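So you can see what is in the structure, the chains are spelled out below.
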There are 2 protein chains.
Amino acid sequence: MSPERLVSDVGEFALIERISRIVGRSNAIAGIGDDAAVLDTDGPEYQLATVDMLVESVHFDMDSTDAFDLGRRAIAINLSDIAACGGLPTVALTSLALSPTMPLGFVESMYSGMKQEASRFHAAIVGGNIAKTSGPLCIDVALLGRVPKPELVLRSGARVGDVLVVTGVLGAAAAARLEGRRAQMLTMVESTSSLARVSVPEPRIEAGRLLASLHFAHAMLDVSDGLAADLRHLTGSSGVGAVVREESLPVSISARRVAPSLGCAPVDLALFGGEDYELLAAIPESSVEAARHALGATPLYEVGTVLAPDQGVLLEQTGGKRIPLPEGGWKHF
Amino acid sequence: MSPERLVSDVGEFALIERISRIVGRSNAIAGIGDDAAVLDTDGPEYQLATVDMLVESVHFDMDSTDAFDLGRRAIAINLSDIAACGGLPTVALTSLALSPTMPLGFVESMYSGMKQEASRFHAAIVGGNIAKTSGPLCIDVALLGRVPKPELVLRSGARVGDVLVVTGVLGAAAAARLEGRRAQMLTMVESTSSLARVSVPEPRIEAGRLLASLHFAHAMLDVSDGLAADLRHLTGSSGVGAVVREESLPVSISARRVAPSLGCAPVDLALFGGEDYELLAAIPESSVEAARHALGATPLYEVGTVLAPDQGVLLEQTGGKRIPLPEGGWKHF
């Protein structure tokens, strides 16, 4: 008899695949595995719905976490999923698993952060739930949104020849996370607060709306697992191949600074680091300049090209050699 | 300087009150503190949204929990919130904090239970999130629903003279929970499985729809914190008083059986036990018979009467003496 299989034996993506099969198909336009569930309504808009949870000791440490920023982050990572569909957020519900010994001030400050981040995008917190736990703090946010039906963008629409663009630099979150962890391990620091501080990604709501409403983006998602992993989600859903050009990657300054001491290349942090929450979109080459103009101050970096499916998913190294894009990214199990 | 205040210093309801003030008002018809958020839409229906979390060691124990039933319960307690508004469920999103060492079979069985319970009411699971944790399993479900605008029922509509009704017996969940806990403490049992087994409440979706769509219910909520606490939610929201008649309370057989060994009166389990997930509604006296007829096999027990606000919230003891209804119920902190 084989030993009982554990969650860690199959990993996150296989687990989601199995759960997908169990819960079965629904009327949703997009469901499990997409950034947000897309629900048909009678009106001119689709409804969007997403959930994302932050867990203490996994996504943040209490010692080095500012409660206000933590609240902002809990909302921001959900906003990012709505942005990836080209939508606008509407309302959020928050669910906490909370220890009775948690300082009241921490909880209040966290909600102030949630409120501020939601308000920036005219979203309201309309409900929630608080449960007791003896374990780590868990913050789960459910966020609803909306998008005009003709403007919905999914992961699945990329076309051969499209340019792959990202809306900001990559690797900064990984650099902060890994340097914070290293500093903790070495216990060498007087203050790690600026390093291990929970980061608040900038939700690309406006950029997502523009890329969607102006019909630039054929496919879009947010880079949460790392560019390499998320690109595979996009190519897999779209049934295409792709090439990413190493020398075009917008590697963050902090990733360049930190990488040597971590014993990796800066580009590794950009490709595999994750938690950047920038948008990755496939847009026609003829639209790139117009899209860049429309986005104004938000950057649009060209990082690669969509290829035919038989070409696979490739990394073009500096010098021009193309290799299969290594697997990697931020897997949870 | 006073020591830092903790969550446990203020308790659940005061904490929710504080959070309410922080997140502020929204356009929602009903929000924090109600069973579900009620969102206006352009169409003929309101949208409903609710979240509810189950936490290992607080709401269930892994040792004595059947994964399938746990999944059903996670959905059922959310369905109950939709039922309390008179609505029908539409879609659910599920969020887990999960240990990598969790058996895969447990997770799959839990999702099968979620799927089955949702399907009973034609609701689909359309998305979710899985996060790693080193702590207790947390299962958070966000459930959306809908209700025709003229049929929405809130906690706040009770009128003086209304009859207070509940849709089933009370105290069974508390009896099972407390007897299971006692058995564990005494370690006297060969098998507690039938006692401590996670219970799956019957979501009163159909009864809620009927009481709402036939305009019987002036106010409604589900009894999750215990009849005494939830009645106070109803009277507080409605700005009324009420009297509950001890001898009219539909105390479950198991509560009657278990109470003596727990050193309490059966009626205490019904009033303060919580987790019954029956509906408590205020309906005009002239509608009671018609409502009972409409509900068919679902019982409708008359437990009291809505009074003027200055009369307070009272318990009429056997014999006719009226006393202030004792505070109590299932508080989380």
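Computed from a prediction, not measured in an experiment: that's the story for all the values here. (Residues numbered from 1 in each chain as written. Chains lettered and ligands numbered in written order. Predicted model: local features only at pLDDT ≥ 70, side-chain atom pairs only at ≥ 80, totals over all residues. Heavy atoms only, no water.)

Enquirer: Please give an account of the packing of helix H2 (residues 67–84) of chain A against helix H3 (residues 104–120) of chain A that cites residues and values.
Expert: Angle between the axes and distance between the axes are the two parameters that describe a pair of packed helices. Residue and element names in this part refer to chain A. Running from N to C, H2 and H3 point in directions that differ by 40°, and their axes come no closer than 6 Å. Here H2 is positioned oblique relative to H3, judged by the angle of their axes. The hand of the H2/H3 crossing is right-handed. Here H2 contributes Ala67, Phe68, Leu70, Gly71, Arg72, Ala74, Ile75, Ala76 and Leu79 to the contact with H3, which in turn contributes Phe106, Ser109, Met110, Ser112, Gly113, Met114, Gln116, Glu117, Ala118 and Arg120. Of the residues contributing to the contact of H2 with H3, the split by class is 11 nonpolar, five polar and three charged. (Axes fitted to C-alpha atoms, helices over the stretch in contact; angles between N-to-C directions. Helix = DSSP H or I, 4+ residues; strand = E, 2+ residues; numbered from the N terminus. Parallel < 35°, antiparallel > 145°, perpendicular 65-115°, else oblique. Left-handed = near helix turned anticlockwise from the far one by under 90°. Contact = heavy atoms within 4.5 Å. Nonpolar A, V, L, I, M, F, W, Y, C, P; charged D, E, K, R; others polar.)

Enquirer: Outline the relation of the copies chain B and chain A, supporting the account with residue identities and numerical values.
Expert: The operation relating chain B to chain A is a screw motion whose rotation component is 180°, with 0.0 Å of axial translation and a residual RMSD of 0.0 Å. In symmetry terms, the pair is related by a two-fold rotation axis. If distances are taken from each C-alpha of chain B to the rotation axis, the shortest is found for Gly135(B), at 2.6 Å. Mapped onto chain A, 100% of the interface residues of chain B again fall at the interface, so both copies present the same surface. (Least-squares fit on C-alpha atoms with pLDDT ≥ 70 in both.)

Enquirer: Could you give me a rundown of the pairing of strand S3 (residues 88–98) of chain B, with the residues and numbers involved?
Expert: Residue and element names in this part refer to chain B. Here S3 lies mainly inside the structure; nine of its 11 residues are buried. Both S3 and strand S5 (residues 138–148) contribute to a ladder of eight bridges, which runs antiparallel. Looking across to S5, one finds that leucine 88 is bridged to arginine 146. Here S3 pairs with strand S4 (residues 124–132) via eight bridges, running parallel. Across the sheet, the residue bridging to alanine 92 is isoleucine 125, located in S4. (Buried < 20%, exposed > 50% of the residue type's maximum accessible area, 1.4 Å probe, protein only. Pairing = 2+ DSSP bridges.)

By themselves, these are just geometric observations and shouldn't be taken as functional.
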